[in-house]
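# Descriptive analysis of the structure
Listed below, chain by chain, are the residues.
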Amino acid sequence: MDIDRLAAVVADYSAAYLLTTRADGRVKAVSAEPAVTDGVLILQPSKGSAANLAGNPRATLLFPPPAPKGYTLLVDGVATADAPEAEIRFTPHTAVLHRPARHADGPPAPDTVTGCANDCTPL
């Protein structure tokens, strides 16, 4: 995955949800406004998310579509926080633009994705 390409796509989205898992397996979702810096996404502090990440650093960032029937950006990776109130540093491993086939009449994928012929496009 090209982090520069991911950074350009992230710029098309206003916000995301950071998804982490608790020790009992329940998913925790918190809103976030990540910024790409030096190949990682920097997120605001979250005590609950930091606690979850201490036990399981795998996480997902879910960026809802910026327009109806648009593409959702899903980014999987690992995240860390040096302390409960420290910023969260999310290192992406994979990213995909996704929407259901029934939404194919919606807006095209962001300009940074060329030749998009499918409704699921890896970055």
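Note that this is a predicted model, so its numbers are computed, not measured.

## A few points about the overall build of the protein chain
If you tally the helices and strands in the protein chain, you get two helices and eight strands. Overall, the protein chain shows an N-to-C arrangement of helices and strands of α-β-β-β-β-α-β-β-β-β. The buried share among the 123 residues of the protein chain stands at 37%. Here the analysis covers contacts within the protein chain between residues at least 6 apart in sequence; of these, 56% occur between residues at least 24 apart.

## Some points on the confidence of the model for the protein chain
For the protein chain, per-residue confidence averages 88 on the pLDDT scale, and residues scoring 70 or more make up 89% of the total. The spread of mean pLDDT over the elements of the protein chain runs between strand β8 (residues 120-122), the lowest at 62, and strand β1 (residues 16-21), the highest at 98. pLDDT under 50 marks residues 112-117. Its contacts with residues more than four places away, or in other chains, come to eleven contacts.

## Examining the nonpolar core
Ranked by size, the top nonpolar core spans 23 residues in total, and within it L61, F63, L73 and F90 carry the most contacts. Looking at this core, the elements with two or more residues in it are α1 (3-10), β1, β2 (27-32), β4 (40-43), β5 (58-63), β6 (72-81) and β7 (88-98). The greatest single-element share of this core, amounting to four residues, is contributed by β7. Discounting chain neighbours no more than four positions away, the residues touching L61 are A16, Y17, L18, P34, L41, L43, L73, L74, V75 and F90.

## Points about the environment of V36
Among the secondary structure elements, V36 is positioned in strand β3 (residues 35-37). The spatial distance from the C-alpha of V36 to the C-alpha of A8 is 9.3 Å, given a sequence separation of 28 residues. Residues in contact with V36, not counting those within four places in the same chain, are I3, A7 and L41.

Rules and cut-offs
- Residues numbered from 1 in each chain as written.
- Predicted model: local features only at pLDDT ≥ 70, side-chain atom pairs only at ≥ 80, totals over all residues.
- Heavy atoms only, no water.
- Helix = DSSP H or I, 4+ residues; strand = E, 2+ residues; numbered from the N terminus.
- Buried < 20%, exposed > 50% of the residue type's maximum accessible area, 1.4 Å probe, protein only.
- Contact = heavy atoms within 4.5 Å.
- pLDDT = per-residue confidence, 0-100.
- Core = buried A, V, L, I, M, F, W, Y, C linked by side-chain atoms within 4.5 Å.

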